[in-house]
Each structure stands twice: as structure tokens, then as C-alpha cells.
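Summary of structural features
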Amino acid sequence: MKWLETARAYKKHDPAVRTIAEVLFLYPGYHAMGYYRIAHQLYKYHCFFLARLISQMGRFMTQIEIHPGAQIGRRFVIDHGNGVVIGETSIIGDDCLIHHGVTLGGKTRQKGKRHPTLGNRVHVGAAAQIIGDITIGDNAVVGAGSVVTHDVAPGDIVAGVPARTIRSRCSDSGKI
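Residues numbered from 1 in each chain as written. Predicted model: local features only at pLDDT ≥ 70, side-chain atom pairs only at ≥ 80, totals over all residues. Heavy atoms only, no water.

Looking at helix 4 (residues 48–62)
Taking 1.5 Å per residue, 15 residues should reach 21 Å; helix 4 reaches 21 Å between its end C-alpha atoms and fits that length. For helix 4, every residue scored as buried is listed here: Ala 51, Ile 54, Ser 55, Gly 58 and Thr 62. The buried residues of helix 4 occupy one face: seen down the axis, they fall within an arc of 100 degrees. Exposed residues pointing more than 90 degrees away from the buried face of helix 4 are listed as Phe 49 and Phe 60. For helix 4, the secondary structure elements touched by its buried residues are helix 3 (28–44) and strand 1 (65–66). Residue Gln 63 follows helix 4 closely and has a positive phi angle near 65 degrees. (Helix = DSSP H or I, 4+ residues; strand = E, 2+ residues; numbered from the N terminus. Expected span 1.5 Å × (residues − 1). Buried < 20%, exposed > 50% of the residue type's maximum accessible area, 1.4 Å probe, protein only. Arc of directions from axis to C-beta. Contact = heavy atoms within 4.5 Å.)

A word on the confidence of the model for the protein
Chain-level pLDDT for the protein is 93 on average; 95% of the residues reach the 70-or-more range. Segment residues 171–176: pLDDT under 50, and 13 contacts once partners within four positions in sequence are set aside and those in other chains are kept. (pLDDT = per-residue confidence, 0-100.)

A closer look at the sheet that holds strand 8 (residues 117–118)
The four strands lie next to each other as 2-5-8-11, forming an open sheet whose pairing is parallel. The sheet terminates laterally at strand 2 (71–72) and strand 11 (135–136), the two strands that pair on one side only. Pairing analysis gives two bridges linking strand 2 to strand 5 (residues 91–92), with the strands arranged parallel. Across the sheet, residue Gln 71 finds its bridge partner in strand 5, namely Ile 91. (Pairing = 2+ DSSP bridges.)

Next up, the structure:
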């Protein structure tokens, strides 16, 4: 049951969550993922208009825009969520956490892969912009307000405009 697994991930990552019921009824990031899951299934079956319609309904209701073509792993948490944009060819691994104002955007109008790939257990701070067909390695952390345009090695912590590695850490830790 992905929906319960995701709700538990919210409880794990957000100390403000008191009960799973709060997540199920009150968290826009959780609701955005529900719209995304429906839209993504339609997208996979080439029902592109209907997929985008569901996606836009989700955007209207949550202020979180997730293209139905994006590929998102398990237990993905969008904390606060307002203003999050996830592009069509984005790939997000398992157990990732992103905050409000994050953009996973493209920098070309060419067909094909043009949005970022986040590995597993990646943490992206508020208002960070990750742009282009780049890879953020497993267990990496992107600081709030950073602009990332180049690959980030697994376990690295990056921050700034443009983002630079401020600390490397062991990628085996699995901690965010």
C-alpha cells in the first residue's frame, strides 16, 4: 500500500506530524502525489490530455506542479510544497525529501531527457533550483536557495549560486 507507506514517510521526516490522519487529510504534498499517481498511469497509457488535465487539477488544488511524465520513486516527501515544479523527464529515486519552492527544471527545448535525476535519499532545501539533465547522487544534500547545473557526487553537500560542494560525506550512511 504505497499511500500508507508515503504517509509514514511524512511522519518520519516532519516532526510537526502528530498522526497519519493529519497527513492523509491535510498535507498538500501528499495530495499532489495522489494526483500525480493517477496522472502518471494515464500518461503511461498515452492518454496525454487526460493525464495533463488531472495534473493541472492537482496543481490548482495544491500549488505543486508535477508533470505526469516524471518518474518518482517510493516514499517521496514534499515538505510544505508550495511552488514546487517537477518537469516531464525528471527521475526521483526512493526516500527523497524536497521542500517548498524547489524546481527540477530543464534548460533546453530539445526532445529527450532534459530534467534532473535525483538518486535515492536525496534532500533538497527550500527554493533550490536544479536545472538540466544532471544527476544528484544518492544521499546528497542540496542547500536551500542553491542553483545546481552540474552533477553532484553521491553523499556530497552542495550550496550556493552556482552550487559548489561544501562538504563530502560517506555515501553509505543512508542518513539525510
